[in-house]
Structure formats: structure tokens, C-alpha cells
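Structural overview for review
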Amino acid sequence: MFRKVLIANRGEIAIRIIRACRELGVRAVAIYSDADVESLHVRMADEAVWVGPASSSQSYLNIDNIIAAAREVKADAVHPGYGFLAESAEFARAVTAAGLTFIGPTAAAMEIMGSKTSARRAAVEAGVPIVPGTVEALQSFAEASATAEKFGYPVMLKAAAGGGGKGMRLVTNRADLRSAFETAQAEAAAAFGDSSLYLEKAVERPRHIEIQIFGDEHGNVVHLGERECSIQRRHQKVIEECPSPINDPELRRRMGAEAVKMGRAVNYTGAGTVEFLLADTTREFYFLEMNTRLQVEHPVTELVTGRDLVREQFRIATGAPLSFTQEDVDWQGHAIECRIYAEDPANNFFPSPGTITHLREPAGPGVRIDSGVAPHAEVSIHYDPMIAKLAVWGRTRDEAIERLRRALDEYEVSGITTNLEFFREVAADEEFVSGHLDTGFIARFNERRAAASPEEPGQVETDLAAIAAALSYALRERQSSAVTPAARSRWKMLGRQAGLQPLTSSKWRKL
Ligand code: MV4
């Protein structure tokens, strides 16, 4: 096993990885930016290294500084978490070139899956079904038009360099194709520096179901079953479940087998997720994309399979074979995860940064919290506003929902606005309880809510409130200057008051 691992991330996922390190007797090294001097992940690590100013591009995305930090502390491996550099082949190569182990797949596998068209070609070669459409980037509008006619409307235009729905356009008829093509191209160019698009036939009211896989360096590839991720907002998952409420062992077997085929085709090593769209009526499913990282929603798989995905990642990265076979995997009960965000559901889910003045997280039977914050934490505007994940387990989906309601009622957060109330309403919603989830769930749910409370503000009021919140935040930011050395000593003082270990100078290194 490794002696020391540098965790190239922040927040709850850095803490999740620190916990795996502790259990394995590995020293955990955090990295932090100016905005994270006082953060929980830094406090929980054995050592912490400063890697740059608050802005992600200068800190958590700064490959040179992160590699320098790993060398300086003499780490022998780097875990990237999710987001930031987790799917950067360039980062994986830099880690390896520095003589360190990257806890994740090979750069080559990441590159194949990074391009959505090359991922689709890999699926075709492996014999995995894809959504009908192109496997090369469209060369012109004329080609897009001819292809749309061939597959038939409605179609989806997607960014070849994208993923997760960024730069995606649904086109329902030929009259709309040109403007959709142009705006999707412009969006893709702005977001990814690559305007290439491909086209898929649109699957109507699909479910998003993904399969967790693991591969090792000895050629073994296994799957840990599915997660249902159909409840999304603006292509961000909000609630995830294992198993899917469809709970069909035959479907799991078929989808699992296709996901394993996909993994084998790219000699996949480590944890990966193969996403599928499932047509609810026909139960046909199609490969969508593959994520070459540990995912946010991995806890629901851990709760139902009883396996520790992060420990398994560490093990595989040392070159050891998988600790289990496909036959060893079984699924017990039902898990549901809610992503707790510092955002305002009444204000179009606008981020709500600030200081957490009071925090009481739920606990008790079947409740798991993966939190990135402590009382008095500052939720920064610089990063993703997810503050914690609440995952519950029950023997049945109904029992899991009962625990979810109870846990949500226990949850107290003051000082910032969160989406907790939104989840309380979803957990009480009949359609959610019925399990008939598809990708239109949130839109229908919001319509039901609007109909139930006619006092809700209209779009203009919502937009005005969002602008006011942004202005107010920007003004406050300007008044309070960036983190100063004084703030750092305040951290130490607060830490001592809280009875934490005094900081040793070796824990605080600066590049
Ligand atoms: C689709 C689709 C329908 N047909 N592709 C892909 C990324 C994901 N975040 C949204 N994606 C979709 N791709 C085809 N060919 C519908 C969606 C989609 C969706 C998928 C899963 C969960 C929620 C969704 C909400 C809107 C659209």
C-alpha cells in the first residue's frame, strides 16, 4: 500500500478520500487555496500544502503547483477526486512523469472517453448499443441537415468535446435546425475551445441509468450494478438511487454486461461509470458516455453493495487484483442520495454563498453524511456550492424514503440558504414515491408546486431577486479583502479554541 497520498481536491470528496487513507494507514496530504485555509478537508488531513489563490484555475486546476506539492511532501500517489483535474489526461501524465502513481485509469482510456465521438466509436467496436446517430463530428450544416433527415426528428445536437449535457440542443423539426446548430457550435467553442458537434436521435422521456464498473491491471472487469440518476436540474444530478426504482435484475444483468464490455474494450483500470439512456416503454438502452472517475453519487453503490469504492481504487492503483469477483457482488436494500447545495430554490436555485452560522447534520440508523463543511464554515463563491451529500439506506425503497424524510427533518443549516426544503417536498411528492422517474421529473414537480402555491413569484421577480443577490454578494466580496495572514492565524486560534491539535510547522507548508 502507499505510504502517503496527495489528494488533489477539496470539500467532501477530499474528506472521503482522507477517511480511506486513515483506514488503510496511509498519510493523507490535502491541498488548499487561499479560500480554503480554514476548510474542513485541510483540518482533517495529516498535512496540507497551499497551491494558489482562490480561483480554481490558479489552485485546484494548477497542474504545476499540485505536482510540486506532491514532490515536496514526497507523496507516492495522487488521488484526483471528481471534477477539477479528475478527467484530465494531461494531469494523469504529469503525475506519472513525476514518478508518482495516479489513482485512476490510464491517460489513454481517459482520452478515448473524453471525446464523446471517439467514445461512441469505441462502443460500436465493442458491440455496445449507442443512441442512433453520428460517430464522427459533423463537418457542416448540410451534413447535420442530411443526418437529421436520415435519423428523423427529434434529434439532439451535442458537443463532441462536451459531456454532461453542456452545449446540448434538442431539435424537434427541420425549421429549427440551423439556429440550434449555430448556437450549439458557439456554446461548444466557448465552453471547450472546440466547436465540433455530433448528432443523435432524441430518446423521448428517457431514464438516465449508469453502471459502476471496476477494472484492474490483470484484465479483470466487473460491475457493481446501476444507479438511477434521472432526477436532474440543468443536467446536474440532484437525487441518485441504487437500485433503480425499476429494480429489474434482468435489466441490471444486461446493462452490467454491456458496461463490462465497454471497460474491456479500453483496458479500463480503476473505478469508472458507464452511462446509459433507457427508453422507459421499450426497456431498450443505449450507451451515452463513460466517466473515467469516482462519481459524486458513489455512496449509494457503497451502501447497497457493502463495498468501499475508494479503498478498491487504492488497491487497484497499487497493481493488486480486484478484491472480489463478479459472483461475489450482491445488492441489499435501497439507497437514496440528495446533493445538499448552498443555493436558493425560491430564487431559481441561485448559489447562496456565505457563512454557516449553525449546523446540525442528521445521524442515526441508515443515515450517511458525506459533508465538506463544519459550523462557521465559509461557503465560497469560487467553487461548486455543494456542501454535503445525504445518503440513506433502507431494506426497501419505502423504508429508505421514510429515513430520508426523517433525516431531512433533523438537518439544520443556518446562515446560508440550502435546497433542503426542496428535498423535503420531493420526499413527500407522490410521483417521486411512485418511482416513475424520468428526465422530466423536476419540470413536472415544479409545475405541481407552482400550481399548489399561486403566490410564487413570476420569472421577472425571480430574475430581479437573482440580480439583487449577485450584486449584494459582489459588494460584500469587495469589502472583505482576500484571505490574509491574519485570517490564517485566526484559523489557528479558532482551531485551538475548538480543542484541535496546535498546528505544527510541518503541517503548514507553502510553495
Ligand atoms: C439525451 C436525451 C435524449 N436523447 N440524448 C445527456 C446528458 C444529460 N445530462 C442530458 N442528456 C440527455 N441526452 C438523446 N439522444 C436526453 C437527455 C436529457 C437528460 C438525460 C438524463 C437526465 C436528465 C435529462 C434532462 C434533459 C435531457
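Residues numbered from 1 in each chain as written. Predicted model: local features only at pLDDT ≥ 70, side-chain atom pairs only at ≥ 80, totals over all residues. Heavy atoms only, no water.

1. Re unusual backbone geometry
Of note, the amide linkage connecting Y153 to P154 takes the cis form, showing an omega dihedral of 0°. You can see P154 is positioned in the loop between α7 (141-151) and β6 (155-159). Following C242, the chain continues to P243 via a peptide bond in cis, the omega torsion being -5°. Phi is positive for N267, which is not a glycine, with a value near 50°. Its place among the elements puts N267 in the loop between α9 (249-265) and β12 (270-279). (Helix = DSSP H or I, 4+ residues; strand = E, 2+ residues; numbered from the N terminus.)

2. Brief notes about the site of the ligand
Not every one of the 17 residues close to the ligand is listed here, only the nearest: K158, E200, K201, V203 and T439. Here a nitrogen atom of the ligand sits 2.8 Å away from a polar atom, N or O, in the main chain of K201. Within the side chain of H235, one N or O atom sits 3.3 Å away from a nitrogen atom of the ligand. Starting from 520 Å² of accessible surface for the ligand in isolation, the protein chains cover 91%. When contributions to the shell around the ligand are tallied by element, the ones reaching two or more residues are β6, β8 (197-201) and β9 (206-215). Taken together, the residues of the shell around the ligand break down into eight nonpolar, six polar and three charged. (Near = heavy atom within 4 Å. Polar contact = N/O pair within 3.5 Å; in protein donor to acceptor, adjacent residues only side chain to side chain. Areas by Shrake-Rupley, 256 points an atom, 1.4 Å probe, with all protein chains shown as cover. Nonpolar A, V, L, I, M, F, W, Y, C, P; charged D, E, K, R; others polar.)

3. So, the sheet that holds strand β7 (residues 169-171)
Reading across the sheet, the three strands line up as β7-β6-β8 and stay open at both edges, with antiparallel pairing between neighbours. At either margin of the open sheet sits one strand with a lone partner, and together these are β7 and β8. Within this sheet the neighbouring strands show an average axis-to-axis angle of 25°, counted without direction. Those strands touched by α7 are β6 and β8, and its axis lies near 15° from that of β8. Lying over the sheet, helix α8 (residues 177-192) contacts β6, β7 and β8, oriented at roughly 170° with respect to β7. (Pairing = 2+ DSSP bridges. Axes fitted to C-alpha atoms, helices over the stretch in contact; angles between N-to-C directions. Contact = heavy atoms within 4.5 Å.)

4. Structural notes on α9
A rise of 1.5 Å per residue sets the reference length of α9, with its 17 residues, at 24 Å; its end C-alpha atoms lie 24 Å apart and thus fit the reference within 8%. For α9, every residue scored as buried is listed here: L251, R252, M255, G256, E258, A259, V260, M262 and G263. Residues of α9 that are buried make contact with α5 (107-114), α6 (116-126), β9, β10 (221-233), β12 and β13 (285-291). Its side-chain oxygen at 2.9 Å from the backbone nitrogen of E250, D248 defines the N-terminal cap of α9. Where α9 terminates, the next one or two residues include N267, which has phi positive at roughly 50°. (Expected span 1.5 Å × (residues − 1). Buried < 20%, exposed > 50% of the residue type's maximum accessible area, 1.4 Å probe, protein only.)

5. Points about empty space enclosed by the protein
Inspection of the entire model under this criterion finds three cavities of 30 Å³ or more. Every residue lining the largest cavity is listed: I209, E226, S244, I246, N247, D248, L251, R252 and M255. Its residues placed into classes, the lining of the largest cavity shows four nonpolar, two polar and three charged. Considered as a void within the structure, the second largest cavity measures approximately 50 Å³ in volume. What lines the second largest cavity is simply H79, P80, G81, A86, I103, G104, P105, A271, T292, R293, L294 and Q313. Classifying every residue of the lining of the second largest cavity gives six nonpolar, five polar and one charged. (1 Å grid on protein atoms, 1.4 Å probe; cavity = no way out; pocket = protein on both sides within 12 Å on 5 of 7 lines; lining within 4 Å. Points joined across faces, edges and corners; volume = space filled by probe spheres on them.)

6. So, the state of the cysteines
For the structure on display, the rule yields zero disulfides. Unpaired in this structure, C242 has its nearest cysteine sulfur neighbour in C229, at a distance of 9.8 Å. Residue class for C242 comes out buried when judged on its relative accessible area of 0%. (Disulfide = S-S within 2.5 Å.)

7. Quick look at helix α3 (residues 63-72)
Of all the positions in α3, only I63, I66, I67, A69 and A70 are classed as buried. When α3 is viewed along its axis, its buried side chains cluster within an angular range of 155° and face the same direction. Immediately beyond the C-terminal end of α3, within one or two residues, lies K74, with a positive phi of roughly 60°. (Arc of directions from axis to C-beta.)

8. Details of the side chain of D438
Turning to its location among the elements, D438 is positioned in the loop between α14 (430-434) and α15 (441-452). Taking relative accessible area as the criterion, D438 reaches 2% and is therefore assigned buried. A distance of 2.7 Å separates a polar atom in the side chain of D438 from the backbone nitrogen of G440. Every residue in contact with D438, bar those within four places of it in the chain, is listed here: R205, P206, R207, S230 and R444.

9. Regarding the pairing of β13
Of all seven residues in β13, seven are buried; the element is thus mostly enclosed. Bridge analysis of β12 against β13 gives six bridges, and the strand direction is antiparallel. Each residue of the ladder has a partner; that of F276, found in β13, is F287.

10. A word on the side chain of T134
Positionally, T134 belongs in the loop between α6 and α7. Among the polar contacts listed, one links the side chain of T134 to the backbone oxygen of E136, at a separation of 3.4 Å. When near neighbours in sequence (up to four residues on either side) are disregarded, T134 contacts R120, T147, Y198 and L199.

11. Describing the sheet that holds strand β21 (residues 386-394)
Read across the sheet, eight strands follow the order β13-β12-β9-β10-β11-β14-β21-β19 without closing on themselves; strand pairing throughout is antiparallel. In this open sheet, the two strands that pair with only one neighbour each are β13 and β19 (367-371). Pairs of neighbouring strands in the sheet enclose a mean axial angle of 25°, with direction left out of account. Sheet analysis places β9 next to β12, joined by 10 bridges and oriented antiparallel. The residue bridging E210 from the neighbouring strand is E275, located in β12.

12. Things to note about the packing of aromatic side chains
In total, this model carries 12 aromatic pairs according to the counting rule given. Measuring from ring centre to ring centre gives 6.5 Å for F84 and Y383, while their planes differ by 80°; the resulting arrangement is edge-to-face. Taken together, the residues F84 in the loop between β4 (77-79) and α4 (89-97) and Y383 in the loop between β20 (378-379) and β21 connect sequence positions 299 residues apart. Given a relative accessible area of 7%, Y383 falls into the buried group. Ring centres 5.5 Å apart and planes at 90° place the aromatic pair F422 and F445 in the edge-to-face group. (Phe/Tyr/Trp six-rings, centres within 6.5 Å; stacked < 30°, edge-to-face > 60°.)

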